[in-house]
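# Structure at a glance
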Number of protein chains: 2
Amino acid sequence: HINPLDNTLDGNDIGEGRFDHGDAFLPRHIGPSEVDQKTMLAQLDPPNKSLDGFVREVLPAGILNTKSLSIHGQSNAHQSWSETKMLEVFESLSKGNRVVQSFIGCGYVGTKVPEVIKRNVLLNPGWYTSYTPYQPEISQGRLESLLNFQTMVSELTSLSISNASVLDEPTAAAEAMTLSLNAVPASRQKNPNKTFLVSNLCHPQTIAVLQSRADGFGIKIVTADLLASECQAVKHTGQDLIGVLAQYPDTEGGIQHFQGLADTVHDLGATFCVATDLLALTLLKPPGEFGADIAFGNAQRFGVPLGYGGPHAAFFACSDKYKRKIPGRLVGVSKDRLGNRALRLALQTREQHIRREKATSNICTAQALLANMSAFYAIYHGPKGLFAMAERIRKRTDILRRALLNLGFVVNGKTEIDDAVLFDTLTVDVGHGEAARVAEWALSTQVMNFRLLDDHRLGITLDETVSIQVLARIIEVFQQFSKIQEVFTETRLFNMQESVTPISESLRRGSSFLTQPVFNTHHSETELMRYIHHLQSKDLSLVHSMIPLGSCTMKLNSATEMAPLTWPRFSDIHPFAPIQQAQGYMLLIDELEKDLADITGFHAVSLQPNSGAQGEFAGLRVIRKYHEQNPGKKRDICLIPVSAHGTNPASAAMAGMRVVTIKCEQKTGNLDMDDLKAKCEKYSEELGAIMVTYPSTFGVFEPQIKEACKMVHDYGGQVYMDGANLNAQIGLCSPGDIGADVCHLNLHKTFCIPHGGGGPGVGPIGVQKHLEPFLPGHPLAKVGGEKGISPVSGAPWGSASILPISYAYIKMMGGHGLTHATKITLLNANYILARLKPHYPILYTNAAGRCAHEFILDVRKFKETAGIEAIDVAKRLQDYGFHAPTMSWPVANTLMIEPTESENLGEMNRFCDALIEIRKEIAAIEKGEQPREGNVMKMAPHSLRDLLEGNQWDRSYSRERAAYPLPWLKEKKFWPSVTRLDDSESPRDSF
Amino acid sequence: HINPLDNTLDGNDIGEGRFDHGDAFLPRHIGPSEVDQKTMLAQLDPPNKSLDGFVREVLPAGILNTKSLSIHGQSNAHQSWSETKMLEVFESLSKGNRVVQSFIGCGYVGTKVPEVIKRNVLLNPGWYTSYTPYQPEISQGRLESLLNFQTMVSELTSLSISNASVLDEPTAAAEAMTLSLNAVPASRQKNPNKTFLVSNLCHPQTIAVLQSRADGFGIKIVTADLLASECQAVKHTGQDLIGVLAQYPDTEGGIQHFQGLADTVHDLGATFCVATDLLALTLLKPPGEFGADIAFGNAQRFGVPLGYGGPHAAFFACSDKYKRKIPGRLVGVSKDRLGNRALRLALQTREQHIRREKATSNICTAQALLANMSAFYAIYHGPKGLFAMAERIRKRTDILRRALLNLGFVVNGKTEIDDAVLFDTLTVDVGHGEAARVAEWALSTQVMNFRLLDDHRLGITLDETVSIQVLARIIEVFQQFSKIQEVFTETRLFNMQESVTPISESLRRGSSFLTQPVFNTHHSETELMRYIHHLQSKDLSLVHSMIPLGSCTMKLNSATEMAPLTWPRFSDIHPFAPIQQAQGYMLLIDELEKDLADITGFHAVSLQPNSGAQGEFAGLRVIRKYHEQNPGKKRDICLIPVSAHGTNPASAAMAGMRVVTIKCEQKTGNLDMDDLKAKCEKYSEELGAIMVTYPSTFGVFEPQIKEACKMVHDYGGQVYMDGANLNAQIGLCSPGDIGADVCHLNLHKTFCIPHGGGGPGVGPIGVQKHLEPFLPGHPLAKVGGEKGISPVSGAPWGSASILPISYAYIKMMGGHGLTHATKITLLNANYILARLKPHYPILYTNAAGRCAHEFILDVRKFKETAGIEAIDVAKRLQDYGFHAPTMSWPVANTLMIEPTESENLGEMNRFCDALIEIRKEIAAIEKGEQPREGNVMKMAPHSLRDLLEGNQWDRSYSRERAAYPLPWLKEKKFWPSVTRLDDSESPRDSF
Ligand SMILES: Cc1ncc(COP(=O)(O)O)c(C=O)c1O
Ligand SMILES: Cc1ncc(COP(=O)(O)O)c(C=O)c1O
Ligand SMILES: O=C([O-])O
């Protein structure tokens, strides 16, 4: 057992940390220089002389920590690792991981990431630092790319609607189940025996995750051989059936005819769901053509590295009739003010933001960056290239099958060569008790991982990286264990390809796919590179300007943090590879869990959830499981303040809790303590939990938070803290100290994982000691608590390959650095607040006049004075080169501003100047100098075509005013590529 | 002796090459699809049915090869390596290189490349695929960055003029020498004893390269101890002196007062040149303040990897009086039509393009990309950061000095601790015959390289990567060889820093530096990233559209080819490291030399020259050396056609040859064979060489080329071929077969090294067997022929770290693929020609109506008909999103178009549509529908400010016409960031 960190972590104290090493990370991460920090303190309202003095005005005295934060493996709070040291540690950690070619399958296979995509998308901050495309005018590039993803999925599955990705294949299965539930009549939804029937040939992690999701909805998961005895299991379920899930090809490689099954399911009024594989669908009859209502799967094999489990994009498609029920984000085609084609997120209204506890999905952050990579992969290969790749894999699988049969093995239950159709996977029976020995032999002689199905069967899944040579090496392994002497030279194997029989008519795909020009015109590297850059040029990201999104913490995603992402020893590890092959990951994960526990004041952390919303769900499930251990009433009431993010009630509902709303003070956003008291009293026996965000969604440190926690505890409830705003806490206070029992963190907010234009994310949960036993487990890995809940993600450690980012951030900042960053985050927000206060009402500040890390700009009064609403301010900000702050949340028609510590004074001043100038533009309307309609704000944003097409110009403002309202815009301006989208016009979801 | 390639190169034939492996590179590199190729053949004028039939119309029958090209290590012409295989081979090759921390110095030291610069500049095609900024309106980003570089150099050296980089430090020394020659009165220039005096403490490779350059100019190089006996050597040289070169700090680390020397040199009317180090100049009195007229050096330590010798940017600065004589490119501040600040390359006219054989420098391609990296490095660290880094290094060097003295060693000639000033380098005497033993011990116990100065002295140069720990390890080595028992713990070493004495007043820098805002405002990663992207957004590169520059071959620079560039095993090798540590490089270099020899039909290749122009110089020097071996007259006449590139006569002159011009036919550009015959006859005894470009600079395969070669050979001359147009030859014909004796290739044109916005480049030369003995050598490595000329570059293998790019290109294309690329390059050019012929006169096509890989569009008549010149077409093309073709070369007021094989049909059609639309715009002027002045072409290009500022619009065309003359521009358009610059300063836009 090696420890690659031995001499880096435990070296003596005379490390670079103590010497001035010249590449300390802190000053690179923090925006304002020390001089600027002084300037800003002096310009606060009221000013303050010292940063610490100022901090004491922001945090309530009872909350502020007294002891300093120190990071695991660093001898004191003032230690931190330089960027160079960090890269050395990564190098050292990487050596603990071993790259072994894995044929384990289960939805994760080898892929060749085209270098042009790796370089221009995955390694390009222009792509990975952008936000979810909620502002379509400055997001047309990634919207187009996500639309390509949707089109690709829709075409390959032959289902008319696809969303823009979900978190992973198992959660996609869960979404399919919930959608199925949603689709049956209300009576059946209420049926206590309602059942979701799952093929026993689904991937094991899919079944496990389904289990965790089914509980909350009171759905029974029954696994069965679906086709046995003419779909007996289905018929038997009868009116209890809400839906059926089959896998195609199945986890053991079998490919079945499902039309009969589909008909049977439909006859019972239930939904037929199919887990599938995009590449296989280039050869096989697609689910939409044999009666599937929903199809989903992992798009990882389309050019996204294994990454020890993620992140990857899962896809989700359904037939038209489920259009309004499909979970997640969906890009649709619409028009801008000029009538030009423009894309936007569609059907926002149907989901958790609005439906809250009535929502059946809580997904927000998805896998946009990875979906984009997969879409570009399909574009690069085109339909012909994908088909050829699939055929190559199918042929090699068939050759392997025949070779193994020749060697006397039982393959997929058969002993004779027939013309069974396989795609990429087969199982081989090596005799009782022999499977492990063969697998070990494969590992030691050929550096290969097979899947251990049971004590006598191995699974082998091939992929595009498998050459004829590799095939020969696989066969070599089995020759060792065969009594039959047969030689399979590479040439023989090569020639065997010709005798592979075609797929039978009934299973073969007959329909064409990916015929759209975009999939047929970018096959040279030059063309793809240009297309990627063209799309990128339409998108505003952190490479352009600050993205001051309240509650989203768009801070620096540094290149050093990101560096190991594409190192093979991190990217090429299968999530179910033997743990000995991932010791580097294990060390990193262990350290990161400890660091996060220290930072949050918790006892233990689970890194499994791959988004904040998943963290919420996981945390609430942990709470529920905890309560179940105790006698007494079912504690299933979840108190949630009205100001909570929509995911909170949605997650609570999904976890099977009943949501009870707590009032907040109108002005402060603080919990109404009387109401809290009353509700605690009312539900004293059933109180399960409260969900609170801290600092509150209004961006203030509520002074009564500890009191509230105590009260809930006194009534037997647990405290769930939404950690979206953790960036305001680190080093100054902690959820654990405040009294939370569970908290999710968003590593993609607070800990520097980039937003990727809408994902990936990581939403770990930290818990107090009493909850540790319930942390989520996994069927294929030792992870989580002894009595752990079922997994919430397909991979044991979720999106493992991006964890190094947060790890590096923590280690390079050190305890002192992290704390300092928090102080600057508070300073930055309060600086902007001070500059804007003379011009705009601020919704709420504390008694000292301070906000936390964000604050709400109140623009409601302008509706009356000038007909101007928050959206007009947001859109006009685009003309000034900025992304809008968070809009109309938590308070309608306001803007919530969060600059983060990474923005510097110059950038913040430009942002303030822009908002102040906008205030003047509003004033001009108020004064009647500009009309209430057709003014520069109502017409915002202005695209170039808007200003340059046609010769007529009969607006009340000049082109120059539209384009260059402030002088520095002439030097540096980001142009929206379309004009405002008509928000009322419901976009078409067809493409 | 290992051979990491053993099982990749010599595997049996059943490699991926024979199987369909799905990631063949050929279709990624080639633009047009197979279907499009057919379409294009059919649209040629006249059409042709087959690609090979078409090729036979392009190449003269006597030239076209019959046998197919096969690449070394590939069993037949149809083999090629997939991208995956290529990455595997790189991995395997890299293992032949060993990363050893090197303290060898000599101008090459360790550096920490900031990840943000690596990712956003070095790995970003937006930066590396752009061309030299000859079109300023679409190049303001890199022009600003190069101006930053110049400012940085000028500030640090305290000399008012700096250029935008030269090739390396030794060639910078050579340029300094030539400038010195240029600066003395004509009488002294003609003095046969004219002498350039060089300090014996200059780097050895600098002295060696000076030697190679001095020969051609008839300059004597004398090395001496410059300060000895009150500058006796200088005084002694007297009126023979043209200049003096000192090094500061010198190669052994000494830092001397040079004011007295400078005065003595000036008294003799000569120039004082100083080789120096930018980082040292943050602490030391800069050369401009002690009388230096010229200062130069290597900027590598400013964030550019060692890369086994290059590429790096050398800097070159001089005092104002040499402004018009400074070699290389220079960015200057100018104004655009609107009067806004705009940057441009200045003082073009003074150089080889115009002066031809009167030029004293031939530099074209320089080191733009690396200069940009170094400029960003200075911006990121700022003056304070650089100062702190320099002080840290100085202190550690001083601690090392004191520790070594304590241990009883002689350091820099001294045995006692005094307050001698050192910066980063010291020498230590370890006793006679002991040096090698100590070095070996350092390598085997501490994995460190010291410099072996002689049998008893070692040199040690520290850099920013040297931590206190590393320092302790260096000392540990010497403790082994010392009788004195003294312990230097890390803590002791750390504390010793405090007692380092300040630099004495007389040597200390007193003046401030880098006070400009740009060096003081981008110190956070976010800010630097944004600045980099902001500059990038102003520059047109291959990520936007084709760059159809005749004679420049702007083809795909693929991501796979570029991949190993930043792998430590390639990037972190010191050029003078023991050769055993670079076996991966050796294998790659050996293979690449063989491949290039095969491709060009030559016997041997030298990779040392780091630009095309350097190749010319090297090749001509080889020819001269060859002739010198033979009895008879000095064969120093060089025949050069009038249509030759300006570097040809410049290089000939630099090589000490007399240039005689050969006429060309006006229309065809072909050699005037009668004139050639006459000149051969006239100079029959003195004929040294002819320099020809093939295909000719007119873009045609001259049929008489073999005849011409034979004629020159018959008269005793050698044939030098300029390989700028080699892209038209590969696999179809070869310089060697045609009759050339030497040819330089431009790996940055034909073999996929990106142009980097004006460098790096690699200009290897291939030679016939009789010339091999004369290939350039190197004082510190076994390289070149037995009787090799002195080196032409500082590093034995020039810019070694970018050689993998060309290597990969060749291996991934294979013989067949390379040949196919040539065919497509011809097809693409002829397709564009066919589309444009109905609209524009074409200067010349062959009897079959074909051009080679490029052709000349003749716009001369429009001067009369519409007042329109080539520059107007070039500038208007920017409005259509294209870079202009090569302008006014080889024929004034024409445009030379070269698309390369990487452009696809769609892109070429857009380009043709643009030129056809421009023709209509000219026609409108011809017809009088538009005025001859102030029309859309004369006003082109249009920046956004031009269209949007002010409300008045009184032009004869609309804003829409200016911006969107073709409909697709509304979807995708690149905007010039300024309007047209006043071009009167530079009549010819060339390369
Ligand atoms: C307060 C709060 N909770 C939860 C979430 C959901 O997090 P995620 O998008 O990672 O699922 C968000 C997202 O912005 C949020 O702001
Ligand atoms: C014909 C010809 N010769 C020589 C050169 C000089 O090459 P380099 O810029 O690499 O020095 C060029 C550059 O374009 C050229 O076109
Ligand atoms: O992403 C959010 O739903 O805030």
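Everything here concerns the structure above.
All of the points below concern the structure found in this document. (Residues numbered from 1 in each chain as written. Chains lettered and ligands numbered in written order. Predicted model: local features only at pLDDT ≥ 70, side-chain atom pairs only at ≥ 80, totals over all residues. Heavy atoms only, no water.)

Before going further, it helps to examine the overall build of chain A. A tally of regular secondary structure across chain A gives 33 helices and 25 strands. Its C-alpha atoms give chain A a radius of gyration of 28 Å, within 12% of the compact-globule value 30 Å for 991 residues. Taken along the three principal axes of its C-alpha coordinates, chain A extends 90 × 70 × 60 Å. Considering chain A as a whole, with its 991 residues, one finds that 70% of them fall into the buried category. Restricting the contact set of chain A to residue pairs at least 6 apart, pairs at least 24 apart contribute 76%. When the accessible surface of chain A is totalled, it reaches about 30300 Å², and 50% of it is carbon and sulfur. (Helix = DSSP H or I, 4+ residues; strand = E, 2+ residues; numbered from the N terminus. Rg over C-alpha atoms; globule rule 2.2 N^0.38 Å. Buried < 20%, exposed > 50% of the residue type's maximum accessible area, 1.4 Å probe, protein only. Contact = heavy atoms within 4.5 Å. Areas by Shrake-Rupley, 256 points an atom, 1.4 Å probe, with all protein chains shown as cover.)

So, about the sheet that holds strand β4 (residues 220-224) of chain A. All names here are of chain A. With mixed pairing, seven strands are arranged side by side in an open sheet as β2-β8-β7-β6-β5-β3-β4. Each end of this open sheet is capped by a strand with a single partner; those strands are β2 (161-162) and β4. Two strands pair when backbone bridges link them, and strand β5 (residues 241-248) and strand β6 (residues 271-276) are joined in this way by six bridges, in the parallel orientation. Residue Y248 lies in a different strand from β6, and its bridge partner there is T276. In the packing of helix α8 (residues 140-157) onto the sheet, contacts are made with β2, β7 (294-298) and β8 (314-318), and the angle to β8 comes to roughly 60 degrees. Across the sheet, helix α12 (residues 228-237) touches β3 (195-199), β4 and β5, and the angle it forms with β3 is around 165 degrees. (Pairing = 2+ DSSP bridges. Axes fitted to C-alpha atoms, helices over the stretch in contact; angles between N-to-C directions.)

Residue and element names in this part refer to chain A. Around ligand 1 there are 15 residues in total, and T365, S551, D722, H748 and K749 lie nearest to it. Take H748: an N or O atom from its side chain is 2.7 Å from an oxygen atom of ligand 1. The protein chains hide 95% of the 390 Å² of surface that ligand 1 would expose on its own. Considering every element that reaches the shell around ligand 1, the biggest residue donor is helix α23 (residues 612-629), with three residues. (Near = heavy atom within 4 Å. Polar contact = N/O pair within 3.5 Å; in protein donor to acceptor, adjacent residues only side chain to side chain.)

Turning to the site of ligand 2, a few remarks are in order. Residues and elements named next belong to chain B. In the region of ligand 2, 15 residues are neighbours, and T365, S551, G612, D722 and K749 sit closest. The side chain of N746 places a nitrogen or oxygen atom 3.3 Å from an oxygen atom of ligand 2. Contacts to ligand 2 include H748, whose side-chain N or O atom sits 2.7 Å from an oxygen atom. Starting from 390 Å² of accessible surface for ligand 2 in isolation, the protein chains cover 98%. In this structure, ligand 2 is accommodated by the largest cavity. The leading source of residues in the shell around ligand 2 is helix α23 (residues 612-629), at three residues. Residues belonging to the shell around ligand 2 are distributed by class as follows: four nonpolar, eight polar and three charged. (1 Å grid on protein atoms, 1.4 Å probe; cavity = no way out; pocket = protein on both sides within 12 Å on 5 of 7 lines; lining within 4 Å. Sits in = over half its atoms within 2 Å of the grid points. Nonpolar A, V, L, I, M, F, W, Y, C, P; charged D, E, K, R; others polar.)

This part is about the relation of the copies chain A and chain B. Superposing chain A onto chain B requires a rotation of 180 degrees together with a translation of 0.0 Å along the rotation axis, leaving an RMSD of 0.1 Å. Such a turn and shift between the copies fits a two-fold axis. A symmetric contact is evident, with 100% of the interface residues of chain A recurring at the interface of chain B. (Least-squares fit on C-alpha atoms with pLDDT ≥ 70 in both.)

A separate point is the packing of helix α6 (residues 115-122) of chain A against helix α19 (residues 525-536) of chain A. All names here are of chain A. It is at 10 Å that the axes of α6 and α19 come closest, and there the two elements cross at 15 degrees. Classified by the angle their axes make, α6 and α19 are roughly parallel. Taken as a pair, α6 and α19 cross one another with a handedness that is right-handed. Each of V116, I117, N120 and V121 in α6 lies in contact with α19, whose residues at this interface are E525, L528, M529, I532 and H533. (Parallel < 35°, antiparallel > 145°, perpendicular 65-115°, else oblique. Left-handed = near helix turned anticlockwise from the far one by under 90°.)

Residues and elements named next belong to chain B. Look at α23: 26 Å from first C-alpha to last across 18 residues, which is about the 26 Å you get at 1.5 Å a residue. Counting buried positions over the 18 residues of α23 gives 14, a clear majority of the element. The N-capping residue of α23, defined by a side-chain oxygen 3.4 Å from the backbone nitrogen of A613, is S611. (Expected span 1.5 Å × (residues − 1).)

Grouped together as the largest cluster of nonpolar side chains are 536 residues, with contacts concentrated most on F272(A), F478(A), F272(B), F478(B) and L676(B). Residues contacting F272(B), with those up to four places away along its chain left out, are V244(B), A246(B), F258(B), L261(B), A262(B), V265(B), H266(B), F290(B), G291(B), A292(B), D293(B) and I294(B). (Core = buried A, V, L, I, M, F, W, Y, C linked by side-chain atoms within 4.5 Å.)

Right, let's get into the interface of chain A and chain B. In this complex, chain A contributes 80 residues to the contact, which on the side of chain B involves 80 residues. Together, the buried faces of chain A and chain B total about 6700 Å²; carbon and sulfur atoms form 49% of this surface. Three residues stand out in chain A for area buried against chain B, namely R28(A), R119(A) and R530(A), and they jointly supply 13% of the buried area on that side. The interface formed by chain A and chain B holds ten salt bridges in total. Between E949(B) and K970(A) there is a salt bridge; the shortest N-O distance is 2.5 Å. Inspection of the region where chain A meets chain B yields 30 residue pairs in polar contact (both at pLDDT 80 or more). (Buried area = accessible area lost by both parts, 1.4 Å probe. Salt bridge = Lys/Arg side-chain N within 4 Å of Asp/Glu carboxyl O.)

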